[in-house]
Amino acid sequence: MSARSMKPAPFTLRRADSVDHALALLGDHGEDARVLAGGQSLMPLINLRLSQPALLVDLNGPKELHYVCTADSAVRFGALTRQRTLERDASTAKHVPLLAQAVMLVGHFQNRNRGTVGGSLAHADPAAELPTVAVALDAEMVVRGRDSTRTVDAKTFFQGPLTTALEPGELLVEARFPAWGRASSYREGACTILLDGHAVRSCIVLAAQVDGAEVTTVEGLSDVTALSEIQQAFADNHALQCGFCTPGFVVSLHEFLRDCDRAPTSHEICVAIGSKLCRCTGYQQIVEAVTDAYAAMLASAEVRSAA
Amino acid sequence: VSVAEARPGLLVGARVTRAEDPKLLTGRARFVDDIDLPGMLHAAVHRSPIAHARIRSVDVSAALGHPGVHAVLIGEHLAARGVGEMAVTWVQPGQKSVSYPMLASDVVRYLGEAVAIVAADSRYVAEDAAELIAVDYEPLPVVVDAERALEDGAPLVHPDWGDNVVVQVVREAGHVDRAIADAPVVVRERLKVQRSMAVPLETRGAVASPGGGEGELTLWLSNQGPHRAKTHLARMLRLPEHRVRVLAPDVGGGFGLKDHVYAEEVLTALLAIDTGRPVKWIEDRQEHFVASVHAREQLHDIELAADENGRILGVRDRFITDAGAYCSNVGVGPSVTTLGMLPGPYRFENYRSQLTAVVTNKAPSGAYRGFGQTQATFVMERMMDRLARRLELDPAELRLRNLVTPEELPRQSPAGLTYDSGDYPQALRDALELIDYDGWRQRQRKLAEEGRRIGIGLGGYVEMTGMGPSKEMALVGFNINGYQNVSVWMDPQGRVTVHTGIASSGQGHQTTLAQICASELGVPFEDVAVVQGDTATTPYDAAGSIGSRTAAVGGVAVMLASRKVASKLRDLAAHLLEASPDDVELADGRLTVKGSPSTSLTVREVAEQAALAHDLPDGMAPGLEEREVYDPEHLTFSYAMHAAVVEVDAATGVLSILKYAVVHDCGTMINPSVVEGQILGGLAQGIGGALLEELVYDGDGQLLTTTFLDYLLPSATEVPFVDLGHLEIPALAVPGGFKGTGEGGAIAPPAVLANAVEDALAASGAVVDRTPLTPSAIWHLANPEPAP
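Just so you know, these numbers come straight off a predicted model, no measurement behind them.

A. The arrangement of the overall build of chain A in detail. Tallying secondary structure elements over chain A gives 13 helices and 13 strands in all. Compactness check: chain A gives a C-alpha radius of gyration of 20 Å against a globular reference of 19 Å for 307 residues, within 12% of the reference. Oriented by its inertia axes, the alpha-carbon framework of chain A measures out at about 60 × 45 × 30 Å. Here chain A contributes 27 positive and 34 negative side-chain charges, whose respective centroids are spaced 3 Å apart.

B. Molecular detail of the interface of chain B and chain A. Each side of the interface is counted separately: chain B has 60 residues, and chain A has 53 residues. Here chain B meets chain A over a buried area of about 4,700 Å², counting both sides, of which 61% is carbon and sulfur. Sorting the residues of chain B by area buried against chain A places B:Leu25, B:Leu201 and B:Phe721 first, and these three jointly supply 16% of that buried surface. Applying the counting criterion to the chain B and chain A interface returns five salt bridges. Salt-bridge contacts for A:Arg279 lead to B:Glu693; the nearest nitrogen and oxygen are separated by 2.8 Å. Taken together, the links from chain B to chain A amount to 20 residue pairs in polar contact (both at pLDDT 80 or more). Of all the secondary structure elements, the ones that give two or more residues to the side of chain B that touches chain A are α1 (21–25), α4 (123–132), α9 (285–291) and α19 (672–691) of chain B. No other element matches the nine residues that α19(B) contributes to the side of chain B that touches chain A. In the side of chain B that touches chain A, the residues fall into 27 nonpolar, 18 polar and 15 charged.

C. Spotlight on the sheet that holds strand β13 (residues 244–247) of chain B. All names here are of chain B. Reading across the sheet, the seven strands line up as β3-β7-β1-β14-β11-β12-β13 and stay open at both edges, with mixed pairing between neighbours. Every other strand in the sheet has two partners, leaving β3 (69–74) and β13 as the edge strands with one partner each. Ignoring strand direction, the axes of neighbouring strands in this sheet form an average angle of 20°. Note: strand β1 (residues 41–47) against strand β14 (residues 279–282), two bridges, orientation parallel. By the bridge assignment for β14, Leu41 is matched with Val279. Against the sheet, α4 touches β1, β3, β7 (114–120) and β14, its axis set at about 25° to β1. Of the strands in this sheet, β12 (217–221) and β13 are in contact with helix α7 (residues 226–237), which crosses β13 at around 140°.

D. Local environment of the sheet that holds strand β15 (residues 298–306) of chain B. Residues and elements named next belong to chain B. Read from one edge of the open sheet, five strands run β9-β17-β16-β15-β10, paired in mixed fashion. In this open sheet, the two edge strands, each paired with only one partner strand, are β9 (165–173) and β10 (185–193). On average, each strand axis in the sheet is tilted by 10° relative to the strand beside it, whichever way the strands run. Here β9 runs beside strand β17 (residues 350–359); their pairing, made up of eight bridges, is antiparallel. Among the inter-strand pairings, Ala173 is bridged to a residue of β17, identified as Tyr351.

E. Broad picture of the environment of A:Glu31. All names here are of chain A. Here Glu31 shows up in the loop between α1 (19–29) and β2 (33–36). Judged by relative accessible area, which is 71%, Glu31 ranks as exposed. Taking the C-alpha atoms as reference, Glu31 lies 7.8 Å from Gly169; in sequence the two are 138 residues apart.

F. Examining the side chain of B:Asp527 more closely. Residues and elements named next belong to chain B. Along the chain, Asp527 turns up in the loop between α16 (509–521) and β23 (528–531). With relative accessibility at 17%, the residue Asp527 sits in the buried group. Side-chain polar atoms of Asp527 contact the side chain of Arg495, separated by 3.4 Å. In this view, Asp527 contacts Arg495 and Val496; residues no more than four positions away in its chain are not counted.

G. Main features of empty space enclosed by the protein. All names here are of chain B. Approximately 220 Å³ is the volume found for the largest cavity. What lines the largest cavity is a set of 19 residues, among which Tyr100, Tyr110, Ala263, Ala291 and Pro364 lie closest to the centre. Taken together, the elements giving at least two residues each to the lining of the largest cavity come down to β5 (99–101) and α8 (263–275). Grouping the amino acids of the lining of the largest cavity by side-chain chemistry returns 12 nonpolar, four polar and three charged. In this model, the second largest cavity occupies a volume close to 100 Å³. Taken together, 13 residues form the lining of the second largest cavity, with Thr321, Gly331, Pro334, Ser335 and Ser365 sitting closest to its centre. Secondary-structure elements contributing two or more residues to the lining of the second largest cavity are β16 (312–324) and α10 (333–341). It is β16 that contributes the most residues to the lining of the second largest cavity, three residues altogether. Among the residues forming the lining of the second largest cavity, the class breakdown is three nonpolar, seven polar and three charged.

H. Quick peek at the environment of B:Glu127. Considering the arrangement of structural elements, one finds B:Glu127 in helix α4. Taking the C-alpha atoms as reference, B:Glu127 lies 56 Å from B:Pro622; in sequence the two are 495 residues apart. Sequence-distant contacts of B:Glu127, that is, excluding residues within four places in its chain, are made with A:Lys7, A:Arg49 and B:Ala44.

About the criteria used
- Residues numbered from 1 in each chain as written.
- Chains lettered and ligands numbered in written order.
- Predicted model: local features only at pLDDT ≥ 70, side-chain atom pairs only at ≥ 80, totals over all residues.
- Heavy atoms only, no water.
- Helix = DSSP H or I, 4+ residues; strand = E, 2+ residues; numbered from the N terminus.
- Rg over C-alpha atoms; globule rule 2.2 N^0.38 Å.
- Lys, Arg positive; Asp, Glu negative; His and termini not counted.
- Charge placed at Lys NZ, Arg CZ, Asp CG, Glu CD.
- Contact = heavy atoms within 4.5 Å.
- Buried area = accessible area lost by both parts, 1.4 Å probe.
- Salt bridge = Lys/Arg side-chain N within 4 Å of Asp/Glu carboxyl O.
- Polar contact = N/O pair within 3.5 Å; in protein donor to acceptor, adjacent residues only side chain to side chain.
- Nonpolar A, V, L, I, M, F, W, Y, C, P; charged D, E, K, R; others polar.
- Pairing = 2+ DSSP bridges.
- Axes fitted to C-alpha atoms, helices over the stretch in contact; angles between N-to-C directions.
- Buried < 20%, exposed > 50% of the residue type's maximum accessible area, 1.4 Å probe, protein only.
- 1 Å grid on protein atoms, 1.4 Å probe; cavity = no way out; pocket = protein on both sides within 12 Å on 5 of 7 lines; lining within 4 Å.
- Points joined across faces, edges and corners; volume = space filled by probe spheres on them.

Just distances and angles here, no functional claims.
Structural data, given as structure tokens:
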């Protein structure tokens, strides 16, 4: 990625094999270490040098914190559960509907493909959706240290902007939202790529983290002579002007349209591209292009037909 | 909807798919940051972390000693070489700020002001080194608020001036004091337009490469006017201009912000000269917020006088604009434009507006789409609604009584500008119909009984476009040309290349200019290429793509040059066919003798002969290349009427836009889809300015909005779908009838939405006196604190 978006101060990246390993690394390095979960908040700060940790402990490897389950009248989220998983989880929609609605407002779906439940809570941005909902619903946070585990209620956990009750060496491992129970963050998203088929913002994913993964950029969506249905629909609808944001739109819409099982409404398209920024077009033509692209993809049987 | 009669050909007016799209859609565009040269170094800037301070010392030794660092520049170095100042292009008589330092050396005057620049092996190393530069700052008192800056005893940004006033400018006509004293009705308001900025998604950037020869330099720049950049760069660096080449590759949006040449760009060039290696500098988003030009901040005290029937008798206005710590490249030009365009589409004689431009410890203010006209429209259209409420007149009716009619055009406005053509009342009537104005007025009353707060807002403007006659640039103090310079060349295959000095930043010039050329020459659209954005291969035009001028000036130049080529084609075909030139027709790729369809040649056959020059008529020069330097006789004025229906939730302050309609007229449309793209895109920016965007400084001059988390741009969920209506009344004095349309969409929305919000909250007596109308601002308007 270009110097435009990634120019952090030097740091060491350690990939944790397990939660115990992560806790050991955190215990050894104290305040010099930061946990890297989805990276949607931390990586921009590091890129802008507003945060300069000496050690990043990457938690994305171990699978033990990726889970959603219901127990003791609470929906429990492993800290590394992607927000996109939560968004699509039936038990969350049923038992914690406010959370299910709020998560749709977190960035755009590229952010949610990568962003985690625990990462957002531990970052404690007062403008973020998940901490607000956690406080409103009296959620509980399960916090592990090297030798101990404690449970903290949300009102105690959040101490102020970007400040939580987590001590150095501690890790948020689970969030429990009682069963049954707006703000937005915008980033431009012009750098979107597909990582193993899912849209993510490349400017906040470290190269070391994609070792072995399949990366698709806009150049990989069509050959030079034939535009894809999405690209053609953008041209036909004048859905681009300067074109700087366009590859990001095209790539993320590739995932969006692939996953549509019926023609998306204008509102659904707006939500899907919401908080993705285009400064030239005013979006109307983009929405029209997406509608056209769906029809074209259906016609060429690239989209699952309702029939 | 009337259609231009003198439409030159079918391609002009057609919704042609854009020629530039395939590369942009497939990741094959080339923006500045895509340029990668062998041995290239990377630059990073050390910026002031405080708003106002004396620099006691700058220690660069640690940075210079850092591995991988090749050069560090500070202000002292520049002064020693006599190159440290950037000139202001637009200068008013008596203006105190006419240049600004590339690097602060004695005093920093705003947060983010550049103090040093580093070139290193990578951007990472350059950033590390920039952090190692030790600057000893002695803080000075800060002045952030423009009104406070005028008070006695306020901290002085430039102590040698004795005050904080950059310049005062007055525009006046008639006898406004008497008109106001005698008027039956006078409405007065204090209205504020917040500081915001253009925020193109591609930030600024430069790549500089020294050439082999003395003084040779090539600079790739994300910029709207490469020729102007070249002239400036050569002047700032004392280089011979003919050795300097500037290229604007694909540019990711400009909106006025990249009209300017900036210090970092000149410094990047200087680093390349010093190190003998290419150097790249790409602005990051935080730098963009602190160091690219801000815009629009104005505070008006305005009075509007009328008779009992609502006929406007006069407008008296005084306003302050906050220029920031220095005038930017365009000086106080945007506010001078406010003075010129404040009267809008309305008929009145007595006018005075007085501008006081003030310096503060904030970033320099400059160009942003609308260029002062957004503020002018906000102020004038707010006053129209205030007057309507005072007189209990329907705001649409009040406007219809005061709009200049088509029969009155051309007409000189009280600000001295001659509006050329149009039908302002028709535009308003069409807009009212598009939103179902009468229906919504009824629904508004009915829904009010259910406690729902519906508001209807109207607003219109006249927009100065097609800048402009060069001699008029001189009259307003803008040290820039107003002509457009193009060449049109038909090659031996009969294909055409247009070379133009303008540079697109997304508007689609490769498409629209090719449409004009192909129309004139009767060749397919695909047979025309447009070359732009390179000073070495395109004719000189220092104005570039600013001020909604590309269609109305550049388009005309292309049209006239193409006509010369067509004429020469006919002359040569007549010679080859042994006919009279007057009898030869050019259409659909053929030159045919009238009345003798079989006597014809293809364009390609004639073009081949022109290039070979084996058999030319006496006196005809070989080849088919024609030049046109078109300097317009007059400005031309676009206009539009906007109308919106909104609903305000008094409990949350959330605004929903239920309907939004625009009826506009930019004369003859070259490509309606491109026109609509300009309007809808501008509108989204206008909505951002109306509802979300504000650059907020705290009392210490710290900018609090330096990321997209704090400075909110509108997204698809905030921007409504728009009903668009076109009028198409040709420009009066522009061949082809084109008017400009690049800025218009951004001009009206703050006025329209402010009017709509005030209308929705009329029951609570709210007065909307500023933007942005954030949920918090609307909530406070809807829930006023009870009087003590």
